[in-house]
Amino acid sequence: MAAAKPDLNALDDAAFRQRFRAWLAANYPAHLKQDHHRPFRRLRGEEASNWLKLVDRDGWRAPAWPREHGGMGLDFRKQVIYHEELEHAGVARIIDLGESQLGPTLIQCGSAQQQAEYLPRILSCEHVWCQGYSEPNAGSDLASLRTAAVRDGDDFVVNGQKIWTTHATDSTHIFVLVRTGKYPKKQLGISFLLIDLKTPGITVRPIVNLAGEDEFCEVFFDDVRVPAGNLVGEIDQGWTVAKALLGYERIWIGSPALCGKALALAHTLVREMQLTDDRGVMDRLAQLQVDLHDYRLLYTEVCDGIAAGGKPGPEVSMLKVYASELLQRLTEFNQEVAAEYGALVGDIEIGSTLVDLHWQFMMARPVTIFAGANEIQRDILAKTVLKMPE
Amino acid sequence: MNAMDDISTLLRDSAVDFLARRHDLATLKGGIGKPQPVNRVLWREMAELGWLGLGLPPELGGDEIGLRESTVLCEQFGRTAFPLPYVDASVIPATLLAAMPPNDQCKALAAKLRSGNGLVTLAWQERAATLDDAMPETHLEDNRVSGKKLFVAAVAEDTTLLVIVREGAELAVVAVDASAEGVSWQDRAAGQGTVSTVIFDNAPIVGDVLLHRERAGQALQRALDAGRIALSAQLAGLSGAMLDRTIAFVNDRVQFERAIGSFQTIRHRCVDLYIATQLAGAAWRHALAQFESGDADAIATAASAAKARCADTAQRVGREAIQMHGAMGFTEEANIGLFLREGLRGFAALGSPLQQRRRFQALNSAEQIHGSR
């Protein structure tokens, strides 16, 4: 272990913000920034790992993890600031599921041995994790999953298939939900397993998406032997393990950051397309502007509530619903105001701005689908917040 | 902060109690299209409760509480479709008076406002679809006012009108009694309330000019923005009440052997309306915070965003609420339509969402749009 890191949580909020902003300005590579060409840029593979190692080296890794596990131990308010500054600096998103999901899960539900083995390797990027939840017949209805794990001596033997596994080809490990038992309530009998992707019997096949990227994959398990010690939490209780962190996930997934990038592109497009005197276009833009303005206010209110000691309740589902649909409306506006340019697939220059309108439009399609389709989120809100009958 | 929260809690409880005892939705029925005078019995009770003139400074008899407390009341007025013109005849004139030097004339106006004996209201607008009427036609000459003002609330024999006038090439604020010679008006039903077209034909002002030039313009903008914020809170309250009533209705109403609230199409619509009401709340609370600490442009930006959001939300929730109530929703008996109609006036008053968004755009994002590349 490196020498003890300074406790950045001890700084006041303004000083913390300033320190992180300065560090990002000095360290984040300019060519990897989100820009009008790639407003929702994501890093993966080596680019992602190289950046995260730098983040780790200077003590900015794992803002939400407790310090005893190598994280920054930031309070929630500072975590919000941390995310705001990433947005402000144009830092590309990284689907770092080891840091954002598995780590916190192990800290909450994992054994001491699992924590010791996996947490440092997540921080150092020696292990890169992907998530194996969805299956071909278990998407929104996740609890219907059928990938099975059967105990055989000291191992589980896993058979089945996962799908929509983001960045599996860039990952070394996968955490999966598998069926280990049958109960009348199908959320029971699911277990949470950690699997090394090099284990014999695993096949990973990328799937090309509508934006032309192979971000997600299918993962096939054919008699894959997984040590029993890789079970997280109790057998058959994996649903509870997986759900433990969902509230926080929906907070970050509801971030207005991507909408901000899309609106900035909209501003540039109306200028470059010489539409600033077109009242119809400008009125539609004004609607999007107030929508994002007001959404940022709502997001801040919800975050403030949590920072003041609340827990993310089911109402945070509204954040994901609204932010994702607003992102789509923004990208549709961008595609539409660009007129014929909006139909061009690939890099184009409009005026002096390099854009790829097809990419931003298509990259905004799945946001209403993943992490619980918006229809599912609306069901959750109707049931748990509005108390409507089923 | 705690003391202020306490005041807000007390005020809210007091408003809930008053409205439950003294306001009956039945009084809003049977008079479609008929202008209704301000109910003076209720108005004086509101004065006794200390609600009139919140926002006046201590020199004018106020007590250090202001728009924040007014919004607490307005939210409850919205929740019950309470039609009295609190924003027009308390929030806006109090904010305008607060910008004036506390001379005897101003003190007398503040005392009248606070007493509930007689009304004080602002007459500023001369055409539809404007946010400030930068230079009015209505003019002041030899202490007499001539011109026409539109959409003025709370006009009666005992009203004192704070009139925005042109004095030469400068803006000014003067007081004119509605009972004075040369003042006439015509009432129209607007939403559940009443607005009037007021004609000043060489009408004498009361005392001296109250505010001149830039100070008049700044005070007017601040007063109108205070009105927009308070009205936003009222419209948000209205929206929340319509949604609550609708959810209660669809959870109770059975068709096809099921509560219609169990149908996904109804559930999802209600969720979307819920999200809309949450945005409305966040928007007006932010505008209130800006009013308390921001500069004029920050207040204007946030007030316009809030007014646009809350007005749109009240209409949207109201229209969808009618649909989800089915045929019953189209009747006067069902109450829900009273809320929709109440929202109509607030939708337009002090500038429609379209105008508010244009103002927001001009203030908030000119730089981002036009850039400096």
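Before going into details, it helps to say that this report is about the structure given with it. (Residues numbered from 1 in each chain as written. Chains lettered and ligands numbered in written order. Predicted model: local features only at pLDDT ≥ 70, side-chain atom pairs only at ≥ 80, totals over all residues.)

1. Side note on the nonpolar core
All names here are of chain B.
- Counting 225 residues, the largest nonpolar core has Val174 and Ile229 as its most contacted members.
- In terms of residues, this core owes the most to one element, helix α6 (residues 213-252), which gives 19 residues.
- Contacts of Ile229, omitting those with residues within four sequence positions, involve Leu67, Thr71, Trp284, Ala287, Leu288, Phe291, Ala303 and Ala306. (Core = buried A, V, L, I, M, F, W, Y, C linked by C-beta atoms within 7 Å. Buried ≥ 20, exposed ≤ 12 C-beta atoms within 10 Å, placed from the backbone. Helix = DSSP H or I, 4+ residues; strand = E, 2+ residues; numbered from the N terminus. Contact = placed C-beta atoms within 7 Å.)

2. So, the interface of chain A and chain B
- Contacts between the two partners involve 29 residues from chain A and, on the opposite side, 30 residues from chain B.
- Broken down by secondary-structure element, the contributors of at least two residues to the side of chain A that touches chain B are α8 (257-272), α9 (279-307), α10 (317-337) and α12 (374-385) of chain A.
- With twelve residues, α9 of chain A is the single largest residue contributor to the side of chain A that touches chain B.

3. Some points on the environment of Val41 of chain B
- Tracing the backbone shows Val41 of chain B in helix α2 (residues 40-48).
- Through-space distance from the C-alpha of Val41 of chain B to that of Gly116 of chain B is 9.4 Å; in sequence the pair is 75 residues apart.

4. Overview of the packing of helix α4 (residues 97-109) of chain A against helix α5 (residues 112-123) of chain A
Residues and elements named next belong to chain A.
- Packing of α4 against α5 leaves a shortest axis separation of 10 Å and a crossing angle of 160 degrees. Here α4 is positioned roughly antiparallel relative to α5, judged by the angle of their axes. Between α4 and α5 lies a crossing whose hand is left-handed. Judged by residue contacts, Gly98, Glu99, Leu102, Gly103, Leu106 and Ile107 of α4 engage Gln114, Gln115, Tyr118, Leu119 and Ile122 from α5.
- Split by residue class, the contact of α4 with α5 holds six nonpolar, four polar and one charged. (Axes fitted to C-alpha atoms, helices over the stretch in contact; angles between N-to-C directions. Parallel < 35°, antiparallel > 145°, perpendicular 65-115°, else oblique. Left-handed = near helix turned anticlockwise from the far one by under 90°. Nonpolar A, V, L, I, M, F, W, Y, C, P; charged D, E, K, R; others polar.)

5. Remarks on the pairing of strand β7 (residues 190-196) of chain A
Residue and element names in this part refer to chain A.
- The buried fraction of β7 amounts to six of the seven residues, a majority that puts the element mostly inside the structure.
- Relative to β7, strand β6 (residues 173-179) runs antiparallel, the two being bridged by seven bridges. Looking at β7, one finds that Leu177 is bridged to Phe192.
- Looking at chain direction, β7 and strand β10 (residues 231-232) are connected through two bridges and run antiparallel. (Pairing = 2+ DSSP bridges.)

6. Re unusual backbone geometry
All names here are of chain A.
- Of note, the phi angle at Trp164 is positive, near 65 degrees, even though the residue is not glycine.
- Mapped onto the elements of the fold, Trp164 is located in strand β5 (residues 155-166).
- Although it is not a glycine, Ala371 sits at a positive phi angle of roughly 55 degrees.
- Looking at the element boundaries, Ala371 is found in the loop between α11 (357-363) and α12.
- Residue Ala371 is classed as partly exposed on the basis of its C-beta count, with 18 C-beta atoms lying within 10 Å.

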